[in-house]
Amino acid sequence: MGGAGDLGADVIGRLADGRKLVIQCKRYARHRSVGSRDIQTFNGTARAEHGADVPVFVASCKYTEPARRFAAKQQLTLIDIDLLGFWNSGSPLTSFLDLDIRRSGTNRKLDPER
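Residues numbered from 1 in each chain as written. Predicted model: local features only at pLDDT ≥ 70, side-chain atom pairs only at ≥ 80, totals over all residues. Heavy atoms only, no water.

Q: Would you explain the sheet that holds strand β1 (residues 11-14) in this entry?
A: Neighbouring strands of a sheet are bound in pairs by backbone hydrogen bonds; such pairs are parallel or else antiparallel. Judged by pairing direction, the sheet is mixed, and its four strands sit side by side in the order β1-β2-β4-β6 without closing on themselves. Every interior strand has two partners, whereas the edge strands, β1 and β6 (77-79), have only one. Strand-to-strand, the axes of this sheet are offset by a mean angle of 20°, without reference to chain direction. Bridging between β1 and strand β2 (residues 20-26) involves four bridges; their strand directions are antiparallel. Bridged to Arg14 within β2 is Lys20. Each of β2, β4 (54-59) and β6 touches helix α1 (residues 36-48); the most contacted strand, β4, lies at about 145° to it. (Pairing = 2+ DSSP bridges. Helix = DSSP H or I, 4+ residues; strand = E, 2+ residues; numbered from the N terminus. Axes fitted to C-alpha atoms, helices over the stretch in contact; angles between N-to-C directions. Contact = heavy atoms within 4.5 Å.)

Structure follows, in C-alpha cells:
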C-alpha cells in the first residue's frame, strides 16, 4: 500500500493479538508539524475505510497541540520524530500504543477527558 489513492493506509497488518493495524506515514521536514486536519482525515479513513482496531499515524516531525488532543479523544496512536527514533532502535510498536500522545515522549496513559 502507500502512495496516492491509498485512503490513508500506508501499512495494513495485524498485531500478535489479532487486532487490525493501519499506519499512515508522513515524511515532513523537522521544522514542520502535523495538524489536526490531517489527524481527523486519518481517523475517518483508518476506521471507516480500513476497519482499523489500532490506527497509528507516524510523522518525521512533531504534532500540533490540537492534533494531539483530537488523537487522544479518538484513541489514535501518534508517533513523532522522537518516538520514531526509539521504534527504529528496536522498541516494539506495542510499547507506544498507550502513551500519552498529548505530550510527546511521555509515558503517561491516555486520558481522553483532558
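Q: It is not clear to me how helix α2 (residues 65-74) should be interpreted in this structure. Could you clarify?
A: Each α-helix turn comprises 3.6 residues. Residues three or four places apart therefore point the same way. Within α2 the residues assigned to the buried category are Ala67, Arg68, Ala71 and Ala72. What you see down the axis of α2 is that its buried residues fit within an arc of 135°, all on one side. Each element contacted by the buried residues of α2 is listed here: β3 (33-34), α1, β5 (62-63) and β6. The positive-phi residue at the C-terminal boundary of α2 is Gln75, with phi of around 55°. (Buried < 20%, exposed > 50% of the residue type's maximum accessible area, 1.4 Å probe, protein only. Arc of directions from axis to C-beta.)

Q: Honestly, unusual backbone geometry in this entry has me stumped. Any pointers?
A: A negative phi angle is the norm for most residues apart from glycine, just as the trans form is the norm for most peptide bonds. Look at Gln75: it is not a glycine, yet its phi comes out positive at around 55°. Inspection of the secondary structure puts Gln75 in the loop between α2 and β6.

Q: For this particular structure, what's the right way to read the environment of Val22?
A: As for its placement among the helices and strands, Val22 is situated in strand β2. Remark: the alpha-carbon pair of Val22 and Ala52, spanning 30 residues in sequence, is separated by 5.7 Å. Setting aside chain neighbours within four positions, we find Val22 in contact with Gly8, Ala9, Val11, Ile12, Phe42, Ala46, His50, Ala52, Val54, Pro55 and Val56.

Q: It is not clear to me how the confidence of the model for the chain should be interpreted in this structure. Could you clarify?
A: Low pLDDT means the predicted atomic positions in that stretch should not be read closely. On average, residues of the chain score 84 in pLDDT, and 82% of them reach the 70 mark or higher. By mean pLDDT, helix α3 (residues 81-88) is the weakest element of the chain at 87, and β4 is the strongest at 95. (pLDDT = per-residue confidence, 0-100.)

Q: Looking at this structure, I do not really get the nonpolar core. What am I missing?
A: Generally speaking, nonpolar side chains in soluble globular proteins are found buried as a group. In terms of nonpolar packing, the biggest core is built from 16 residues, with Val22, Val34, Ile39, Phe57, Ala59, Tyr63 and Leu78 touching the most fellow members. For this core, the secondary structure elements donating two or more residues are α1, β4 and α2. Examining the composition of this core, we find that three residues originate from one element, α1, more than from any other. Every residue in contact with Tyr63, bar those within four places of it in the chain, is listed here: Val34, Ile39, Phe57, Val58, Arg68, Leu78, Ile79 and Asp80. Val54, Val58, Ile79 and Leu99 belong to the second-largest nonpolar core, a separate cluster that totals 12 residues. (Core = buried A, V, L, I, M, F, W, Y, C linked by side-chain atoms within 4.5 Å.)

Q: What should I look at first to understand the packing of aromatic side chains in this one?
A: Any aromatic ring pair is given by two values, namely how distant the centres are and how the planes are angled relative to each other. Inspection of every chain in the model, using the stated rule, returns two aromatic pairs. Relative to Phe57, the ring of Phe42 lies with its centre 5.5 Å away and its plane at 80°, an arrangement referred to as edge-to-face. Linking Phe42 in helix α1 with Phe57 in strand β4, this pair joins segments that are 15 residues apart in sequence. In this structure, Phe42 and Phe57 share a single accessibility class: buried. (Phe/Tyr/Trp six-rings, centres within 6.5 Å; stacked < 30°, edge-to-face > 60°.)

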